[in-house]
Amino acid sequence: MYPPQPWDLRGQLHLSVFAVPRSALTPLPAPLAAVVRPIPFGRRALVGAAWVRYEPGGVLHYRELLSAVLVHERWRPRVSITEIWVDSVESRDGGRALWGIPKDLADLELRESPGGDLVAAAGTGPEPGDPRAPIGSASVRHGLRLPGRWPTPLSVAQALGDKVLRTPVRGSAGLRLGTATWRMEAGGPLGYLAGRRPLLTLTLTDFRLRFGAAAPAPAATWP
């Protein structure tokens, strides 16, 4: 079982943005590819990869590694998640059923220093007896902290069956600039990031977000 939407979540998110040749991107599912296109960055597309720790105080707390491409739908910006791993069965099942997010299970290790620097690693095979295959690892060092809290609105577009769902995400976070080194397995599911250096690294500190929309209230009926 998993919580109904919306999910109110809180935690820390370490994001790096890469420029990737469009030919190297993971193909989008056909229903989604019919309505969105990667936003061009020269001959490349922009891909965000992030390590996330969802902390107690939200509806679920777990760890996550994801990769997403910045797309547009008639020049309306969207984000489409192409690869994602979590260490929570509830998150996996809810993400797939509610929003078409292709979550899989993995072993995830996120170690943060008192100053917030991160060392993280991920590998498949969380079930007993499964062989463990590395996905990759990263280290993030924090730099300048920007003042205040920043809004974090976005729209996530995913295919669910033959339909396209557009899910609103709203929240706020503190922001810190930083630097990161990513080490992705060349033959692994994030191999298109192997050997690439990020254009930008940000940490969203103590974020609070609402993922999804509440179901509409049933219409009143007269006796």
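This is a predicted model, so every value here is computed, not measured.

Engineer: Residues and numbers for the environment of L105, please.
Structural biologist: Mapped onto the fold, L105 is located in strand β7 (residues 103–105). Owing to a relative accessible area of 15%, L105 belongs among the buried residues under this scheme. Along the backbone, L105 and T152 are 47 residues apart, and their C-alpha atoms lie at a distance of 26 Å.

Engineer: Tell me about the nonpolar core, and please be specific about residues and values.
Structural biologist: Membership of the largest hydrophobic core comes to 32 residues, with the highest contact counts inside it found for W51, L65, W182 and L193. Elements with a contribution of two residues or more to this core: β1 (7–21), β4 (44–54), β5 (63–73), β8 (107–112), β9 (118–124), β10 (133–151), β11 (154–160) and β12 (163–184). In this structure, A50, V86, W99 and L175 belong to the second largest nonpolar core, which totals 25 residues.

Engineer: Report on helix α2 (residues 89–99), specifying residues and quantitative values.
Structural biologist: All buried positions along α2 are accounted for by S91, G94, G95, L98 and W99. Taken down its axis, α2 places every buried residue within 100° of arc, on the same side. For α2, the secondary structure elements touched by its buried residues are β1, β6 (76–86), β7, β11, β12 and β13 (200–211). Among the residues trailing α2, G100 stands out with phi positive, at a value near 70°.

Conventions used here
Residues numbered from 1 in each chain as written. Predicted model: local features only at pLDDT ≥ 70, side-chain atom pairs only at ≥ 80, totals over all residues. Heavy atoms only, no water. Helix = DSSP H or I, 4+ residues; strand = E, 2+ residues; numbered from the N terminus. Buried < 20%, exposed > 50% of the residue type's maximum accessible area, 1.4 Å probe, protein only. Core = buried A, V, L, I, M, F, W, Y, C linked by side-chain atoms within 4.5 Å. Arc of directions from axis to C-beta. Contact = heavy atoms within 4.5 Å.

Coordinates in, geometry out; function isn't part of it.
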